[in-house]
Amino acid sequence: MKQCLIVILLLAASTAGFAQKSTTWDKWKWLIGDWKTEGEPTPSQGFSTFSFKPDLDQMILVRKSHTEFEQLRSKAATYDDLLIVYPGYSGTQPKAVYFDSQGHAIDYTFNVSDKAITFNSNKVGNQPAFRLTYTRVDSNVINAKYEMSQDGQTYQTYMEGKSRRAK
């Protein structure tokens, strides 16, 4: 029993070195919360709600998004996605990973400033590169811009719109 306790204590001490340092999301405060798109939904962009919230004891940020498009052939179309933002490990750059209800998964790096947060994917093979930018308009309004690039250099806007803080 004593040997078992010693082994458990040694394992706990050895894994403590792998734990992340406390993460601060101070530069993200303006984006944390619940949001909904402004204006009337369009067939191509629909009506969206999303949230950015800390999770796992403030170690990660989670964005959940839900979009409803106008009825297409008597069937309502929806789109859901999940973005997890996490700090870098052992001095590596922080990253984000994206999943959606269509089966896509995208790895992102990002840049954070006082007024904008930009997520950039890497160009992988014949797949396009993506850029998602949230820009603070004021304390209750943000602009979201989603861009694609076939060559990883020249981006074209795919969707753009303003969202208002819901809570």
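Residues numbered from 1 in each chain as written. Predicted model: local features only at pLDDT ≥ 70, side-chain atom pairs only at ≥ 80, totals over all residues. Heavy atoms only, no water.

Within the protein, the secondary structure is distributed over 1 helix and 10 strands. Along the protein, helices (α) and strands (β) appear in the sequence α-β-β-β-β-β-β-β-β-β-β when read from the amino end. Of the roughly 11100 Å² of accessible surface on the protein, 54% is carried by carbon and sulfur atoms. (Helix = DSSP H or I, 4+ residues; strand = E, 2+ residues; numbered from the N terminus. Areas by Shrake-Rupley, 256 points an atom, 1.4 Å probe, with all protein chains shown as cover.)

Next up on the list: the confidence of the model for the protein. Across the protein, the average pLDDT comes to 83, with 78% of residues at 70 or higher. Between the elements of the protein, mean pLDDT differs from a low of 47, seen in helix α1 (residues 2-16), to a high of 97, seen in strand β8 (residues 129-138). (pLDDT = per-residue confidence, 0-100.)

So, on to the packing of aromatic side chains. The tally for this structure, following the rule as stated, stands at 12 aromatic pairs. Aromatic side chains Trp28 and Phe119 sit 6.1 Å apart centroid to centroid with 55° between the ring planes, which places their arrangement in the tilted category. Here Trp28 is found in the loop between α1 and β1 (33-37), whereas its partner Phe119 is found in strand β7 (residues 116-121), with 91 residues between them in sequence. Relative to Phe52, the ring of Phe50 has its centre 6.4 Å away and its plane inclined at 85°; by these criteria the two rings are edge-to-face. One exposure class covers both Phe50 and Phe52, and it is buried. An aromatic cluster of three or more residues is present, and its members are Trp25, Trp28, Trp35, Phe50, Phe52, Tyr108, Phe110, Phe119 and Tyr134. Between Arg131 and the ring centre of Tyr155, over which it is positioned, the NZ or CZ distance is 3.9 Å. (Phe/Tyr/Trp six-rings, centres within 6.5 Å; stacked < 30°, edge-to-face > 60°. Buried < 20%, exposed > 50% of the residue type's maximum accessible area, 1.4 Å probe, protein only. Lys NZ or Arg CZ within 6 Å of the ring centre and 35° of its normal.)

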